[in-house]
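A closer look at the structure
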Amino acid sequence: LDNSHCNSTQSCFPDMTCGSCHDTCETCGEAGDDGCTSCPDDRFLHVWVSSMGKCEPCHESCETCSGSTDAQCETCPKDRFFYDGWLGDYCTQCLDNSHCNSTQSCFPDMTCGSCHDTCETCGEAGDDGCTSCPDDRFLHVWVSSMGKCEPCHESCETCSGSTDAQCETCPKDRFFYDGWLGDYCTQCLDNSHCN
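First things first, this report covers the structure right here in the doc. Source: prediction; values computed, not measured. (Residues numbered from 1 in each chain as written. Predicted model: local features only at pLDDT ≥ 70, side-chain atom pairs only at ≥ 80, totals over all residues. Heavy atoms only, no water.)

The helix and strand tally for the chain stands at zero helices and 20 strands. Relative to the 2.2 N^0.38 estimate, which gives 16 Å for 195 residues, the radius of gyration of the chain is 31 Å and therefore markedly larger than a compact globule would have. With the C-alpha coordinates of the chain rotated into their principal frame, the extents come out at 110 × 30 × 20 Å. Per-residue burial over the chain gives 31% buried out of 195 residues. Long-range contacts, defined as pairs at least 24 residues apart, comprise 4% of the intrachain contacts of the chain with a sequence gap of at least 6. (Helix = DSSP H or I, 4+ residues; strand = E, 2+ residues; numbered from the N terminus. Rg over C-alpha atoms; globule rule 2.2 N^0.38 Å. Buried < 20%, exposed > 50% of the residue type's maximum accessible area, 1.4 Å probe, protein only. Contact = heavy atoms within 4.5 Å.)

Spelled out as structure tokens, the structure:
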């Protein structure tokens, strides 16, 4: 008549017999993979007619879910972060750079990844995904090279561009000259700097 008449691993089915639920079900009303009435945490109960009563697995990024896609997460595993997005509820690797290790950045798709070796920080992988550059490089702002960190001119220590007239600071063996046509790092400013 009810589950109390069956042993702890069985359910009472409508035909008044005791039986085991399918291994995908938490509880069931009948045998088979389409007889589930509730599911384990890592599965969800289908409500569509073609699959009604089946417990299907959650997306691999979710701990618990309401459906099979990555946008139907309800809770996340410990190594992921819940993101209540405009198009769904996701379990992401990161929400910002603080969730990635020190050599990685959080990209727009909310995954952690390594920046190209020419970048200091980046918004995406590749040599054109840089958001800042090491001191000896500058960030391109021209459309054809946007997001690339290009090397400074060899006379500059830090720079705002690739020419010798775009120096910001100079190496120890050079002198900064703020000229009319640009900022240079020269070998000398007057005779006192020469041998």
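Each disulfide is one covalent bond, formed between the sulfur atoms of two cysteines. According to the stated counting rule, one finds 14 disulfides in the structure shown. What pairs with Cys62 in a disulfide is Cys73, and their sulfur atoms sit 1.9 Å apart. A torsion of -65 degrees about the S-S bond marks the disulfide between Cys62 and Cys73 as left-handed. Taken together, the residues Cys62 in the loop between β6 (55-57) and β7 (64-65) and Cys73 in strand β8 (residues 73-75) connect sequence positions 11 residues apart. Two residues, Cys115 and Cys122, share a disulfide whose sulfurs are 2.0 Å apart. (Disulfide = S-S within 2.5 Å.)

The next thing to look at is the pairing of strand β10 (residues 88-92). Across five bridges, strand β9 (residues 81-85) lies against β10 in antiparallel orientation. Looking at β10, one finds that Gly85 is bridged to Gly88. Following β9, the chain reverses through two residues before pairing antiparallel with β10. (Pairing = 2+ DSSP bridges.)

Mapped onto the secondary structure, Ser105 falls in strand β11 (residues 104-106). Residue class for Ser105 comes out buried when judged on its relative accessible area of 4%. Setting aside its immediate chain neighbours within four residues, Ser105 contacts Asn97, Cys100, Thr111, Cys112, Gly113, Cys115 and Cys122.

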